Amino acid sequence: MALEIAGLLEDLQERLRPLRSRLFPRQLLIELWDDGVRGQMLADGRPRAVRFDAPLPPLTCRNGMPLEREPIGDLIGDLMVRDNLMEAFVMAALPPSSVAWRVVEWPPGEPVPEDPLEGLRDFDPDSLRLPFSFSDAVIDIRRLPGTEPLAIVAASPRAVVEAWIQVFNHAGARLERLAPAQSCEFLGLSARLAGVSSRDLVVLLSQAPAGTRLLMVRNGIPRFDRPIDAEGLQLVEEVARSVAFYRHVDPDVRGVRMILSSPLPESEELGARLGVKPEILGPSPFDSLVMEGLAVPEAEA
């Protein structure tokens, strides 16, 4: 009798699971790189403790393109099953290496259309200088807060986006959104730029499995980003070289503020080299700025 009741309870829980997922929807934020994947659960708009961080199988992803869809999908699916996340809606950030972004002037008062390609019909594709065909690109457009005529255009090759959709389909995931990592990161950083002088150059250094990423922002506008595959003094020199180059092309820069997404072994050397005191992002329930930006509802982004 006890076994029969236990079986009935298990069957009832299985039947209630779809209803529970609709009444109390959970979301899974996923951040992707060429060599790793990170996930964090979101419930009621708040990040939860359930999370995972794992390397991708070797040689399965290059320049943001998943070359081996099934092994990557198997890994993501296994991680979701392990943490009981198969009913969650997935929002994922594309690998930064698969995205090119540009800041463009957007007509004041004109809304961003549902079809971004239609919105860019009056732009000269050559002026965007994308490293791939404009006609084969998936475009994301977001206005920059506080800068009425400006918007950030992020683009990825359609083949890359379709390949990641195949990966999540193989994983059995309920994919709700794919977004550019750079747009998400900037959105997460924007809330921390209040009070920063328009003449200060903000230098953000974020750590990822493949190395360090550098993002420069001035006057609330992202200006330049690049990956830095270096450590120690070489990392310090690469960052210093990038800052010096930007200050050369933008002589209105008055000072530099350096922000670290997490402590770096080279922070002391970086501060001495640039004459600044590096700031470490304060405690956050999110595992990264990318995830923080990814969690912002699209209507509010």
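Residues numbered from 1 in each chain as written. Predicted model: local features only at pLDDT ≥ 70, side-chain atom pairs only at ≥ 80, totals over all residues. Heavy atoms only, no water.

**Describing empty space enclosed by the protein**
No. 1: Taken as a whole, this structure holds 1 cavity of 30 Å³ or more when the rule is applied.
No. 2: By volume, the largest cavity is sized at about 30 Å³.
No. 3: Forming the boundary of the largest cavity are Trp101, Ile152, Gln182, Phe186, Leu215, Pro222 and Asp225.
No. 4: Within the residue set of the lining of the largest cavity, elements represented by two or more residues are α6 (181–190) and β13 (221–228).
No. 5: Of the residues belonging to the lining of the largest cavity, the class tally is 5 nonpolar, 1 polar and 1 charged. (1 Å grid on protein atoms, 1.4 Å probe; cavity = no way out; pocket = protein on both sides within 12 Å on 5 of 7 lines; lining within 4 Å. Points joined across faces, edges and corners; volume = space filled by probe spheres on them. Helix = DSSP H or I, 4+ residues; strand = E, 2+ residues; numbered from the N terminus. Nonpolar A, V, L, I, M, F, W, Y, C, P; charged D, E, K, R; others polar.)

**Brief notes about the pairing of strand β1 (residues 26–32)**
No. 1: Of all 7 residues in β1, 5 are buried, a share of seventy percent or more.
No. 2: Sheet topology note: the β1/strand β2 (residues 36–43) ladder contains 7 bridges and is antiparallel. The partner of Leu29 across the bridge, within β2, is Gln40.
No. 3: Taking the residues that link successive antiparallel strands as the turn, the β1-β2 hairpin has 3 residues. (Buried < 20%, exposed > 50% of the residue type's maximum accessible area, 1.4 Å probe, protein only. Pairing = 2+ DSSP bridges.)

**Focus on the nonpolar core**
No. 1: If you look at the biggest cluster of nonpolar residues, it comprises 47 residues, and the most contacted ones within it are Ile30, Val37, Ile76, Trp164 and Phe168.
No. 2: Element by element, the count of residues in this core is highest for helix α5 (residues 158–171), at 7 residues.
No. 3: If sequence neighbours within four positions are ignored, Ile76 has contacts with Ile30, Leu32, Val37, Val167, Phe168 and Ala171.
No. 4: Counting residues in hydrophobic clusters, the runner-up holds 19 residues, among them Leu201, Met216, Val236 and Val256. (Core = buried A, V, L, I, M, F, W, Y, C linked by side-chain atoms within 4.5 Å. Contact = heavy atoms within 4.5 Å.)

**Structural notes on the sheet that holds strand β14 (residues 255–260)**
Across a sheet, paired strands are connected by hydrogen bonds in the backbone, their directions being either parallel or antiparallel.
No. 1: Taken together, 5 strands build an open sheet; the order of strands is β13-β12-β11-β14-β15 and the sheet is mixed. Each having just a single partner strand, β13 and β15 (279–280) make up the two edges of the open sheet.
No. 2: By the bridge criterion, 7 bridges tie strand β12 (residues 211–218) to β13 in an arrangement that is antiparallel. Its bridge partner lying in β13, Leu215 is registered against Asp225.
No. 3: With respect to the sheet, α6 is in contact with β11 (200–208), β12, β13 and β14, its orientation differing from that of β12 by roughly 60°. (Axes fitted to C-alpha atoms, helices over the stretch in contact; angles between N-to-C directions.)

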